[in-house]
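Chain and residue survey
So the chains spell out like this:
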Amino acid sequence: MNKAVPKYTIPGRDYFTTKIMPDIYERVQNKVKILAKSANNMSLTTDIWKSKHSEESFISLTGHILSTDFEHHTVVLRSQHFPDCHTALNITTMINKALIMYEIPKHKIHFICSDNAANMTSSLNTIGVTHLPCFLHTLQLVINKSIFEQPGVNSLLIKCKTIVTYYKKSPEAKEKYRNIQIDLGMDQHKLIQDIAIRWNSTFNMLVRMVQDKDALVLFLSNATKLDVTIRADEWTKMANLVQILGKFNEITNILSYRQANSSEILGNVEGLKLYMEQNWMSNFVNLRQTVNEIKAQMKQYFQRFEDNTALICATFLDPRYKLRWWQKKPSDSQYNIESITDLLFEAYSTHGHLCPRNEIDAVSAPAPNEVRTEEEGVNMFDGFSNRGALGEQSFNEFLTSQFPQSQPIRQTQVTEKQLITNEVSRYLEIPENEKLNPYVWWRSNKALYPKLAILANKFLCSPPSSVESERLFSIGGNIITAKRNRLKPENGEMLMSLAHNLKHLGFEY
């Protein structure tokens, strides 16, 4: 190059770091800002992460946006360096700065989803937006308190972790274990190490140990350097734990899906409550206290979701569910048609005027059989409806058996109620269909239910968990590695945001 074009200077690392990357970052974020400004509704997730390599902390803010045409977008607003103390006041300051930067008025924000930490909860209450506790974090609290912290279970888990740690650290132990599996004609599985912050990693560890019980029994009997034995009653307890936790694991996978919606929370709550009341639960004599504790913790932690009127509206406005989960509720409960219609009236009166009328054009309502349903999406449970670890019924099949599709409700008498009541009546005449994609359905039918469509655009824009922030920090873990532990925090923020947003925007900037 020096001979061909002597005056040309090859760009170095500093050029890309100080010129190219900031330029791309600014253009991408401007596109995200336009996307956020054009939406009537959006929800956010937030979390805090500390890199184990650079020891720097970051606070995330991801946006979940439904366009007026029900196009779903998930973007990163900020993954900002957070060197200050993680107090509620400092968190509030960081989030408010991000909202000002993207010109997002608070009335546009339906929910901000985060974990249940006191500093985060206090901060979001101070900001003045509605806080949705992360359902998966809440589920982890239920499992930790009711199962993993029980003395009998905890001692068993310590044994399992000791065995796995020994296996992972000793090449000799790995080879012996593999040879035992070959001799027994078993699949050569590796033992799984659990991660404290992810309860289902503990579940996966137990599943693998139950699957490889025969190999492990022989392995432990010959492991002279490992002073751990698992009794017969402990193997039984381990198998029972796997059976109980299988449904919780299915729900964790279902609600971790990127397209998962907060409308799915209440159905899973109702299903778990019924699941824990199954008669066969009484067969787990060695876990009777644990089963009772699970029920008690679920009642304590899930009540906040069952009382959340926004979640009730979201579930009703999801064409897959409507009133399905509440068939067994008393007729005078908050889940009857009249009560839900009142909630929709109240929401429309406070929110409907904020949406431009020309966004969703009203047309004369057709007969129910003219509702457009030709654009069906993929069942949200597809891909996660695998049989449990021991081959039992999937959670989706369990829900279907407990909550069959409700019969269409036909209104024969024309009333003088407001238009929204008529829309509710016509909406209920269409049976639920689990295979529908709710966004596609509302995109096709928004003109038939103009007022409900405005509310659906609000209530269906929220994820059930803060998993998207977790995904962002997983990206951060791949960027700030041991070999890049001196990466400047501002460059780390740009790289994390670009890694997510460029892919979502189709690399068009």
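Going by the structure above, here's the rest.
This report concerns the structure included in the present document. (Residues numbered from 1 in each chain as written. Predicted model: local features only at pLDDT ≥ 70, side-chain atom pairs only at ≥ 80, totals over all residues. Heavy atoms only, no water.)

So, about unusual backbone geometry. Positive phi, close to 60°, is recorded for phenylalanine 70, a residue that is not glycine. With respect to the element layout, phenylalanine 70 can be found in the loop between β2 (57-66) and β3 (72-81). You can call phenylalanine 70 buried: its relative accessible area is 0%. (Helix = DSSP H or I, 4+ residues; strand = E, 2+ residues; numbered from the N terminus. Buried < 20%, exposed > 50% of the residue type's maximum accessible area, 1.4 Å probe, protein only.)

Our next topic: the sheet that holds strand β4 (residues 109-114). Reading across the sheet, the 5 strands line up as β3-β2-β1-β4-β5 and stay open at both edges, with mixed pairing between neighbours. Of all the strands in the sheet, just β3 and β5 (131-133) have a single pairing partner and so form its edges. Strand-to-strand twist across the sheet, computed as the mean angle between neighbouring axes with direction ignored, equals 25°. Here strand β1 (residues 41-50) runs beside β4; their pairing, made up of 3 bridges, is parallel. Bridged to methionine 42 within β4 is isoleucine 109. Most of the contacts of helix α1 (residues 13-38) go to β3, to which it runs at about 130°, and overall it touches β1, β2 and β3. The sheet strands contacting helix α2 (residues 88-101) are β1, β2, β3 and β4, and the helix crosses β2 at an angle near 45°. (Pairing = 2+ DSSP bridges. Axes fitted to C-alpha atoms, helices over the stretch in contact; angles between N-to-C directions. Contact = heavy atoms within 4.5 Å.)

Another aspect to go through is helix α4 (residues 135-148). In an α-helix, one full turn covers 3.6 residues, which means residues spaced three or four apart are oriented alike. The terminal C-alpha atoms of α4, which comprises 14 residues, lie 18 Å apart, in line with the 20 Å expected from a rise of 1.5 Å per residue. The buried count for α4 comes to 10 of 14 residues, which makes it a mostly enclosed element. Residues of α4 that are buried: Phe135, Leu136, Thr138, Leu139, Gln140, Val142, Ile143, Ser146, Ile147 and Phe148. (Expected span 1.5 Å × (residues − 1).)

Moving on, we get to a nonpolar patch on the surface. A cluster of nonpolar side chains, namely Met1, Val5, Tyr8 and Ile10, defines an oily patch on the protein surface of about 410 Å² accessible area. Relative to the helices and strands, tyrosine 8 is located in the segment before α1. (Patch = residues over 30% accessible without salt bridge, like charges linked within 9 Å, V, L, I, M, F, W, Y side chains within 5 Å. Areas by Shrake-Rupley, 256 points an atom, 1.4 Å probe, with all protein chains shown as cover. Salt bridge = Lys/Arg side-chain N within 4 Å of Asp/Glu carboxyl O.)

Let's shift gears to the packing of α1 against helix α19 (residues 489-504). Running from N to C, α1 and α19 point in directions that differ by 50°, and their axes come no closer than 10 Å. By the angle between their directions, the pair α1 and α19 is classed as oblique. The two elements α1 and α19 cross, and the hand of that crossing is left-handed. Where α1 abuts α19, its residues Thr17, Met21, Pro22, Ile24, Tyr25, Val28, Gln29 and Val32 lie against Asn491, Glu493, Met494, Leu495, Ser497, Leu498, Asn501 and Leu502. Of the residues that constitute the contact of α1 with α19, the class distribution is 10 nonpolar, 5 polar and 1 charged. (Parallel < 35°, antiparallel > 145°, perpendicular 65-115°, else oblique. Left-handed = near helix turned anticlockwise from the far one by under 90°. Nonpolar A, V, L, I, M, F, W, Y, C, P; charged D, E, K, R; others polar.)

Before going further, it helps to spend a moment on the pairing of β2. β2 sits mainly inside the fold: 10 of its 10 residues count as buried. Bridge analysis of β1 against β2 gives 10 bridges, and the strand direction is antiparallel. Looking at β2, one finds that isoleucine 48 is bridged to isoleucine 59. Between the end of β1 and the start of β2, which pair antiparallel, lie 6 residues, with glutamate 55 showing a positive phi angle near 65°. Summarising the sheet, β2 and β3 pair through 9 bridges and their orientation is antiparallel. Bridge pairing in β3 places serine 60 opposite serine 79.

Over its 24 residues, helix α9 (residues 232-255) runs 35 Å from end to end, which matches the ideal 34 Å to within 8%, given 1.5 Å per residue. Helix geometry: α9 is bent most strongly at leucine 245, by close to 40°. Counting buried positions along α9 gives 18 out of 24 residues, so the element sits mostly inside the fold. (Bend = angle between axes of the 7 residues up to and from the residue.)

The next subject is empty space enclosed by the protein. Taken as a whole and judged by the stated rule, the model has 4 cavities of 30 Å³ or more. Approximately 70 Å³ is the volume attributed to the largest cavity. Tyr257, Pro463, Val467, Glu468 and Arg471 are the residues nearest the centre of the largest cavity, which is lined by 13 residues in total. The residue makeup of the lining of the largest cavity, split by class, is 6 nonpolar, 4 polar and 3 charged. Of the volumes computed, that of the second largest cavity is approximately 50 Å³. Among the elements of the structure, β2, β3 and α2 are those that each provide at least two residues to the lining of the second largest cavity. Of the residues belonging to the lining of the second largest cavity, the class tally is 5 nonpolar, 3 polar and 1 charged. (1 Å grid on protein atoms, 1.4 Å probe; cavity = no way out; pocket = protein on both sides within 12 Å on 5 of 7 lines; lining within 4 Å. Points joined across faces, edges and corners; volume = space filled by probe spheres on them.)

Geometric descriptors of this kind do not, in isolation, establish any biological role.
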